Amino acid sequence: MPPGISTLAADTPTLSAANTGFMLICSALVMIMTPGLAFFYGGMVRVKSTLNMLMMSFISLGIVTILWVLYGFSAAFGTDKGGFIGWTSDYVGLSGIGITQLWDGYTIPVYVFAVFQLMFAIITPALISGALADRVKFTAWALFVALWVTVVYFPVAHWVWGAGGWLFELGVIDFAGGTAVHINAGAAALGVILVIGKRVGFKRDPMRPHSLPLVMLGAGLLWFGWFGFNAGSWLGNDDGVGAVMFVNTQVATAAAMLAWLAYEKIRHGAFTTLGAASGAVAGLVAITPSGGSCSPLGAIAIGAIAGVLCAMAVGLKFKFGYDDSLDVVGVHLVGGVAGSLLVGLFATGGVQSDAKGLLYGGGFDQLGKQAVGVFAVLAYSLVVSAVLAFLLDKTIGMRVDEDVEVSGIDQDEHAETAYDFSGAGGGAGSRKAVPTPSDAVAAAGPTKKVDA
């Protein structure tokens, strides 16, 4: 949520059926982003890891929902305690909230605000999973999610969006999650992979996406759901700010996709499907913190800058030797940092607040605030996430055995495979089987094993 009080607070708010309905729809849109992310990541891995990748996102829907109800909402959005955490006993278990009780200063019930924010809390740890593909025990991952949201996400959400949170009070602008979601997840991903190490065969074996159609389906669902993620973050529809954010979301995403494709055509000689999907996500990430403060022309610039920077950043893992499987660091961390800092350049002072960026005569003031927010969240999440991964690795172990990783994590961790073709053969009954060329190959003896 952006710093400052909504214009709705000028008068005593009353419950708005229109805004309440709008926010419930936005909550559902944000929820569908997590299955969309599962498809996006699931298509990017090899066949043998597809189900594990889907489950690493999907399990967050279960774990984070329960923790949010029990204490997460209170910790993130309860009464401020020293600028770093919140707590309101009535929010524990969501047990002391009236069904028509309004979120302070707005026209939607507390329950609606709580469920909207829950969807943000769910997708943030799911984003981390893309960096850890192929090699993490599912039990260890589930425990990491529970611990991470407790000691990282809930406090950081309070810093950025909670009344009294120290970054909120500083005036850091994060409309919908550049720091609290994307930098937070990207830095966490980097911290964990530095602890658990590289995949078997990193830099040696081909690790290409097994299903680009799944990747595109996931990217499309993310793009669709992101309108709720971004436009809904103004918590109402009465003053036009959410509409500007909706437009800027579309504009920046388009610009980033085109910029990424142009970069890879110049750099690698082709327009790739994976590049189109990744560029779109980079634009969505970058406009998330900045779209409520810039114009549509500014959104084009932000998207284009993020598209090129993220396209360049995904190759850094080969240069520096960290194994970020699906480029969470390159897209979410770099895109989140870019979008958050660019607020300090492109904020017009005429949308969500009167804060102006450097290019609109505001000097370096807002840029400095944005930098504080970026690097505070980055450092905290990086260090704490690495510590959590280290403790889990030294106790229950984070990684699967090497032979499991090589043969495929799906069968070992989930006792299933993504694609079962056993029933896709010839017909039944008395029809005589006809030998095929593959039968002749099988009869000739084993061939060299090809890694799925």
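Notes on the structure in this doc start here. Source: prediction; values computed, not measured.

1. Section: the packing of aromatic side chains
We describe a pair of aromatic rings using the distance from one ring centre to the other and the angle between the two ring planes.
Right, so step 1: All told, the structure shown has 26 aromatic pairs when counted by the stated rule.
Right, so step 2: Here the aromatic rings of Trp141 and Phe144 are separated by 5.8 Å at their centres, their planes lie at 25°, and the arrangement is stacked. Of this pair, Trp141 and Phe144 both sit in helix α4 (residues 138-161), three residues apart, which is roughly one turn of the helix.
Right, so step 3: In this structure Trp141 comes out as buried when scored by relative accessible area, which is 1%.
Right, so step 4: Here Phe175 and Trp234 contribute two aromatic rings whose centre-to-centre distance is 5.7 Å and whose plane-to-plane angle is 15°, an arrangement assigned as stacked. On the criterion of sequence distance, the pair formed by Phe175 in the loop between α5 (166-170) and α6 (178-196) and Trp234 in the loop between α7 (212-231) and α8 (241-268) is long-range, its members being 59 residues apart. Summarising the burial analysis for this pair, Phe175 and Trp234 share the class buried.

2. Examining the side chain of Ser233
Right, so step 1: Looking at the element boundaries, Ser233 is found in the loop between α7 and α8.
Right, so step 2: Engagement of the side chain of Ser233 in a polar contact is seen with the backbone oxygen of Phe229, the distance being 2.7 Å.

3. Overview of α7
Given 3.6 residues to a turn, an α-helix orients residues that are three or four positions apart in the same direction.
Right, so step 1: With 20 residues, α7 should reach 28 Å at 1.5 Å per residue; the first-to-last C-alpha distance of 29 Å fits that figure.
Right, so step 2: Helix geometry: α7 is bent most strongly at Gly225, by close to 30°.

4. Observations regarding the nonpolar core
Right, so step 1: Phe40, Phe73, Trp103 and Leu132 are the most contacted members of the largest nonpolar core, which totals 110 residues.
Right, so step 2: When residues in this core are grouped by element, the largest group, 16 residues, is from α4.
Right, so step 3: Counting nine residues, the second largest nonpolar core, distinct from the first, contains Ile287, Ala306, Leu342 and Phe346.

5. Some details on unusual backbone geometry
Right, so step 1: Within the chain, Leu94 stands out as a residue other than glycine whose phi angle is a positive 50°.
Right, so step 2: In this fold, Leu94 is placed in the loop between β2 (85-86) and α3 (110-128).
Right, so step 3: Here Leu235, not a glycine, exhibits a phi torsion of approximately 65°, which is positive.

6. Observations concerning the packing of α7 against α8
Right, so step 1: Across the interface, α7 lies against α8 with an axial gap of 9 Å and an inter-helix angle of 140°. Helix-helix and strand crossings are classified by hand; for α7 and α8 the assignment is right-handed. Contacts between α7 and α8 involve Trp223, Phe227, Asn230 and Ala231 from the first element and Gly242, Met245, Phe246, Thr249, Gln250, Thr253 and Ala254 from the second.
Right, so step 2: Among the residues making up the contact of α7 with α8, the classes are represented as six nonpolar, five polar and no charged.

7. Looking at a nonpolar patch on the surface
Right, so step 1: Taken together, Val383, Val387, Phe390 and Leu391 make up a surface patch of nonpolar side chains, about 360 Å² in accessible area.
Right, so step 2: Position of Leu391 among the secondary structure elements: in helix α13 (residues 365-395).

8. Comments concerning the layout of surface pockets
Right, so step 1: The space that makes up the largest pocket amounts to roughly 860 Å³.
Right, so step 2: Every residue lining the largest pocket is counted, 33 residues in all, and those nearest its centre are Leu274, Val314, Lys317, Phe318 and Asp327.
Right, so step 3: Elements with a contribution of two residues or more to the lining of the largest pocket: α1 (17-44), α8, α9 (273-290), α10 (296-313), α11 (316-320) and α12 (328-346).
Right, so step 4: Looking at the lining of the largest pocket residue by residue, the classes come out as 18 nonpolar, seven polar and eight charged.

About the cut-offs
- Residues numbered from 1 in each chain as written.
- Predicted model: local features only at pLDDT ≥ 70, side-chain atom pairs only at ≥ 80, totals over all residues.
- Heavy atoms only, no water.
- Phe/Tyr/Trp six-rings, centres within 6.5 Å; stacked < 30°, edge-to-face > 60°.
- Helix = DSSP H or I, 4+ residues; strand = E, 2+ residues; numbered from the N terminus.
- Buried < 20%, exposed > 50% of the residue type's maximum accessible area, 1.4 Å probe, protein only.
- Polar contact = N/O pair within 3.5 Å; in protein donor to acceptor, adjacent residues only side chain to side chain.
- Expected span 1.5 Å × (residues − 1).
- Bend = angle between axes of the 7 residues up to and from the residue.
- Core = buried A, V, L, I, M, F, W, Y, C linked by side-chain atoms within 4.5 Å.
- Axes fitted to C-alpha atoms, helices over the stretch in contact; angles between N-to-C directions.
- Left-handed = near helix turned anticlockwise from the far one by under 90°.
- Contact = heavy atoms within 4.5 Å.
- Nonpolar A, V, L, I, M, F, W, Y, C, P; charged D, E, K, R; others polar.
- Patch = residues over 30% accessible without salt bridge, like charges linked within 9 Å, V, L, I, M, F, W, Y side chains within 5 Å.
- Areas by Shrake-Rupley, 256 points an atom, 1.4 Å probe, with all protein chains shown as cover.
- Salt bridge = Lys/Arg side-chain N within 4 Å of Asp/Glu carboxyl O.
- 1 Å grid on protein atoms, 1.4 Å probe; cavity = no way out; pocket = protein on both sides within 12 Å on 5 of 7 lines; lining within 4 Å.
- Points joined across faces, edges and corners; volume = space filled by probe spheres on them.

Such coordinate-based values are descriptive only and should not be taken to indicate function.
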